Amino acid sequence: MLTRRHLLMTAVLALPLGAGTARAQTLRVTVDKMAFSPAEIEAKAGDTIEWVNNDAFAHTATVKGGFEVMLPPKKSGSVVVEKAGTVDYYCRFHPNMKGRIKIAP
Ligand SMILES: [Cu+2]
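Read on for an overview of the structure.

Definitions and cut-offs
- Residues numbered from 1 in each chain as written.
- Predicted model: local features only at pLDDT ≥ 70, side-chain atom pairs only at ≥ 80, totals over all residues.
- Heavy atoms only, no water.
- Donors = N, O, S within 2.8 Å, 3.2 Å for Na, K, Ca; no water.
- Helix = DSSP H or I, 4+ residues; strand = E, 2+ residues; numbered from the N terminus.
- Buried < 20%, exposed > 50% of the residue type's maximum accessible area, 1.4 Å probe, protein only.
- Contact = heavy atoms within 4.5 Å.
- Phe/Tyr/Trp six-rings, centres within 6.5 Å; stacked < 30°, edge-to-face > 60°.

**Structural notes on the coordination of the copper ion**
In the first shell of the copper ion, the protein supplies His59 (ND1), Cys91 (SG) and His94 (ND1), at 1.9 to 2.1 Å from the metal. Summarised as a motif, the one-chain spacing of the donors to the copper ion is H-x31-C-x2-H. Taken together, the positions of histidine 59 in strand β5 (residues 59-62) and cysteine 91 in the loop between β8 (85-90) and β9 (98-104) put the pair 32 residues apart, joining distant regions of the chain. Judged on exposure class, the residue histidine 59 and its partner cysteine 91 are both buried.

Following this line, the structure appears as structure tokens:
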């Protein structure tokens, strides 16, 4: 996971400043055995976050005072992140399941 993050950061740093034409992307988080993976991702405003639930029971990606994405067993759900900042989310059914989205402008 560290390696993957490092690669992502390297890719971001390699972009020329002011390129400004980056297309919105879809970033995938899998849910396996009661855990979000990767637990922390780096997105840009306008990106779509998609959670793929591989477990046989339901989860959610819930932000206090924000969005809640239902993740039925073996299904996926998504949300578009519009605002820069750090978003912490958890699963409503298993509050010890936690994830974070770092959103760049
Ligand atoms: Cu859950």
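Let's pick the thread back up.
**Notes on the side chain of histidine 94**
With respect to the element layout, histidine 94 can be found in the loop between β8 and β9. The class for histidine 94 is buried, based on a relative accessible area of 16%. Ignoring any residue separated from it by four or fewer positions in sequence, one finds histidine 94 in contact with Met34, Phe57, Ala58 and His59.

**Considerations on the packing of aromatic side chains**
Evaluation of the coordinates by the stated rule reveals three aromatic pairs. Taking the centre distance of 4.8 Å and the plane angle of 70° together, the rings of phenylalanine 36 and tyrosine 89 count as edge-to-face. Remark: tyrosine 89 occurs in strand β8 and phenylalanine 36 occurs in strand β2 (residues 35-37); sequence separation between them is 53 residues. Residue phenylalanine 36 shares its accessibility class with tyrosine 89, and that shared class is buried. Relative to phenylalanine 67, the ring of tryptophan 51 lies with its centre 6.0 Å away and its plane at 50°, an arrangement referred to as tilted. Pair noted here: tryptophan 51 is in strand β4 (residues 48-53) and phenylalanine 67 is in the loop between β5 and β6 (68-71), with a separation of 16 residues, a long-range link.

Functional significance is not addressed by these values, which are geometric in nature.
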